[in-house]
Amino acid sequence: MNKHIHELVKEGNDYVVKLRRHFRAFPELGGEEVETQKKIIAELTAMGLNPRSAAGTGIIAEIKGGRQGKTVAIRADIDALPIQDEIDQSYRSRNTGRCHACGHDGHTAMLLGIAKVFSTIKEELPGTIRLLFQPSEEKFPGGALAMIADGAVEGVDAVIGAHLWQPFAVGTMGLTYGPMMASPDEFTITIKGSGGHGSMPHQTIDPLYVGAQIVLALKTITGNNVSTNELAVLSLGVFKAGDVFNVIPDSATLQGTVRTFSQSTRETIFAAIDRICGGICAAAGATYNLESHLGYPPVINNPEVAKIVAQSAEAVLGKTAVFEMNPAMVGEDFSYYQQQVPGCFMFIGVGNKDKGFVYPHHHPKFDMDENAFSHGVEIMVVSAVNLLQA
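Bear in mind the structure is a predicted one, so any value in this text is a computation, not a measurement.

A word on the overall build of the chain
1) Next: Along the chain, the regular secondary structure elements total 11 helices and 16 strands.
2) Next: The C-alpha radius of gyration computed for the chain amounts to 24 Å, which stays within 12% of the reference 21 Å derived for 390 residues, consistent with globular compactness.
3) Next: In terms of principal-axis extent, the alpha carbons of the chain reach across some 80 × 45 × 40 Å.
4) Next: Buried residues in the chain amount to 53% of all 390 residues.
5) Next: Working note: accessible area of the chain is about 16600 Å², and carbon and sulfur atoms make up 50% of it.

Here is the structure:
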């Protein structure tokens, strides 16, 4: 069957590329993917499928095989980012302030290409393929939970998904056999002091000074409070205080992110943040408020499913092109599907320095080597077939 699949993927490559360029040109933000949804439904309907809406602007469709068996779900996220597109291509975004700068246009097009392949070989399938076109991955709390509530994984035996990944060269694929992507948590610390004239600091409680001490102390947490066997990141991205050079402000705000792979490590870090803020503020006579916003659960691949996916990818790309990668500290709501059924997430390389595809994800000039799309389609088709037969 794999030889037949390879030929079908090759024949359908132009279709996938054309669709990807369409979605890049007409991006929509999470929860607003109305035209994207219409386009996907039209394409699936033309294949003889019966897609239904889910999670508002998402879609679920099934391809039942000629024989009864397991059900494997394949997920693609369909939303764009609030970024102005700056690529110099005919498929540059025509929606101002909207851009597929993360690769979801490719994910959507690939899943439609996958649907076309499976629609052709459905009589040979020993089971069912469920297609999940998910909205709002970029917009917390994400669209996965709403998809699940609408029956996305009912009766599913395994779920797979992929991210087109610029740091990896085209023709390669990375995955893990356990922790893959971290929980992306956020926190905000508001420090309350007592402002005054810059010439008389003794009459104030300087929140800038307090905040600076907190910044330095927070950077010690992952080294001093977290086990060396655990992966964890704490980064600060915002420090705001004051507007005038000679006025000590009343308050300061710090904002940052915590990335972890376990609930115990997450709790340890947030407890340490609270303890440090309390100690430093008490010493200075200031007060503080700590707000935490917990993000998606970590993406943790099922080892058995990941092994089948890796072997399938090796059959497509070659053994040396598929590798076990280090976990990434970014987040993904694919994790919610994995909490329900065994699943595997993978990174498919789209980077190519020779062609100028070097800009990172979420950059306004982000683009991809389109040769990667056929790799993604074939890897996921072969993986799904092998999972049906496992």
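From this point, the narrative continues.
Description of the nonpolar core
1) Next: Of all hydrophobic cores here, the largest spans 69 residues; its most connected members are Leu-44, Phe-118, Ile-129, Leu-131, Met-173 and Met-346.
2) Next: Counting residues per element, this core draws most heavily on helix α11 (residues 372-389), at 11 residues.
3) Next: Not counting the four nearest positions on each side in its chain, Met-346 is found in contact with Ile-160, Gly-161, Ala-162, His-163, Met-173, Gly-174, Leu-175, Met-180, Val-309, Ile-379 and Met-380.
4) Next: Ranked by size, the runner-up nonpolar core spans 25 residues in total, among them Leu-132, Val-153, Val-159 and Trp-165.

Focus on the sheet that holds strand β12 (residues 251-260)
What links the strands of a sheet is backbone hydrogen bonding, and the strands pair in either a parallel or an antiparallel sense.
1) Next: Read across the sheet, 4 strands follow the order β10-β12-β8-β13 without closing on themselves; strand pairing throughout is antiparallel. On the outer flanks of this sheet lie β10 (232-240) and β13 (287-293), each paired with one strand and no other. When strand polarity is set aside, the average angle formed by the axes of neighbouring strands in this sheet is 20°.

With respect to the packing of aromatic side chains
1) Next: What the rule picks out here adds up to 8 aromatic pairs.
2) Next: Seen from their ring centres, Phe-168 and Phe-323 are 5.0 Å apart, and the 70° between their planes marks the pair as edge-to-face. With a gap of 155 residues between them, Phe-168 in strand β5 (residues 158-169) and Phe-323 in strand β15 (residues 322-324) connect regions that are remote in the sequence.
3) Next: Taking relative accessible area as the criterion, Phe-323 reaches 30% and is therefore assigned partly exposed.
4) Next: In textbook terms, an aromatic cluster arises when at least three aromatic residues are bridged by ring pairs, as seen for Trp-165, Phe-168, Phe-323, Phe-334, Tyr-337, Phe-345 and Phe-347.
5) Next: We note Lys-116 situated over the ring of Tyr-15; from NZ or CZ to the ring centre the distance is 4.5 Å.

Description of empty space enclosed by the protein
One simple way to see leftover space: roll a probe sized like a water molecule over the atoms.
1) Next: Under the definition given, this model contains 1 cavity of 30 Å³ or more.
2) Next: For the largest cavity, the calculated volume is near 50 Å³.
3) Next: If you go around the largest cavity, the residues you meet are Ile-74, Arg-75, Ala-76, His-107, Met-110, Leu-111, Ile-114, Ala-162 and Met-380.
4) Next: When residues in the lining of the largest cavity are grouped by element, the largest group, 4 residues, is from helix α4 (residues 104-121).
5) Next: Class assignment for the residues of the lining of the largest cavity results in 7 nonpolar, 1 polar and 1 charged.

Some thoughts on α4
1) Next: The end-to-end C-alpha separation of α4 is 26 Å, in line with the 26 Å expected for 18 residues at 1.5 Å each.
2) Next: Buried residues dominate α4, accounting for 16 of its 18 residues.

Regarding unusual backbone geometry
1) Next: Here the residue pair Phe-140 and Pro-141 is connected by a cis peptide bond, since its omega of 10° sits within 30 degrees of zero.
2) Next: By the secondary structure assignment, Pro-141 is in the loop between β4 (127-134) and α5 (144-149).
3) Next: Positive phi outside glycine occurs at Ser-136, with the angle close to 60°.
4) Next: Here Ser-136 lies in the loop between β4 and α5.
5) Next: The phi angle at His-362 is positive, at roughly 75°, despite the residue not being glycine.

Remarks on a nonpolar patch on the surface
1) Next: Nonpolar side chains collect at one region of the surface, where Val-244, Phe-245 and Val-247 lie side by side and expose about 340 Å² of accessible area between them.
2) Next: Residue position: Val-244 is located in the loop between β10 and β11 (247-248).
3) Next: Classification of Val-244 by relative accessible area gives partly exposed; the value is 45%.

Structural notes on the sheet that holds strand β1 (residues 52-54)
1) Next: Across the sheet, which stays open at both edges, the 8 strands sit in the order β1-β2-β4-β3-β5-β16-β6-β15 with mixed pairing between neighbours. Each having just a single partner strand, β1 and β15 make up the two edges of the open sheet. Neighbour-to-neighbour, the strand axes of the sheet open up by a mean angle of 30°, direction not taken into account.
2) Next: The sheet contacts of helix α3 (residues 34-46) involve β1, β2 (58-64) and β4, and relative to β2 the element is tilted by about 15°.

Describing the pattern of salt bridges
1) Next: Scanning the entire structure with this criterion turns up 15 salt bridges.
2) Next: Of the charged contacts, one joins Arg-20 and Asp-105 as a salt bridge, the two residues approaching to 2.9 Å between their closest N and O atoms. You can see Arg-20 sitting in helix α2 (residues 13-25) and its partner Asp-105 sitting in helix α4, a full 85 residues away along the chain.
3) Next: According to the relative accessible area criterion, Asp-105 is buried, its value standing at 0%.
4) Next: As a salt-bridge pair, Glu-370 and Arg-20 come within 3.3 Å of each other at their nearest N and O atoms. With a gap of 350 residues between them, Glu-370 in the loop between β16 (343-351) and α11 and Arg-20 in helix α2 connect regions that are remote in the sequence.
5) Next: Judged by its relative accessible area of 0%, Arg-20 falls in the buried class.
6) Next: Because the salt bridges share partners, they merge into one network encompassing Arg-20, Arg-21, Asp-105, Asp-367 and Glu-370.

Cut-offs and rules
- Residues numbered from 1 in each chain as written.
- Predicted model: local features only at pLDDT ≥ 70, side-chain atom pairs only at ≥ 80, totals over all residues.
- Heavy atoms only, no water.
- Helix = DSSP H or I, 4+ residues; strand = E, 2+ residues; numbered from the N terminus.
- Rg over C-alpha atoms; globule rule 2.2 N^0.38 Å.
- Buried < 20%, exposed > 50% of the residue type's maximum accessible area, 1.4 Å probe, protein only.
- Areas by Shrake-Rupley, 256 points an atom, 1.4 Å probe, with all protein chains shown as cover.
- Core = buried A, V, L, I, M, F, W, Y, C linked by side-chain atoms within 4.5 Å.
- Contact = heavy atoms within 4.5 Å.
- Pairing = 2+ DSSP bridges.
- Axes fitted to C-alpha atoms, helices over the stretch in contact; angles between N-to-C directions.
- Phe/Tyr/Trp six-rings, centres within 6.5 Å; stacked < 30°, edge-to-face > 60°.
- Lys NZ or Arg CZ within 6 Å of the ring centre and 35° of its normal.
- 1 Å grid on protein atoms, 1.4 Å probe; cavity = no way out; pocket = protein on both sides within 12 Å on 5 of 7 lines; lining within 4 Å.
- Points joined across faces, edges and corners; volume = space filled by probe spheres on them.
- Nonpolar A, V, L, I, M, F, W, Y, C, P; charged D, E, K, R; others polar.
- Expected span 1.5 Å × (residues − 1).
- Patch = residues over 30% accessible without salt bridge, like charges linked within 9 Å, V, L, I, M, F, W, Y side chains within 5 Å.
- Salt bridge = Lys/Arg side-chain N within 4 Å of Asp/Glu carboxyl O.

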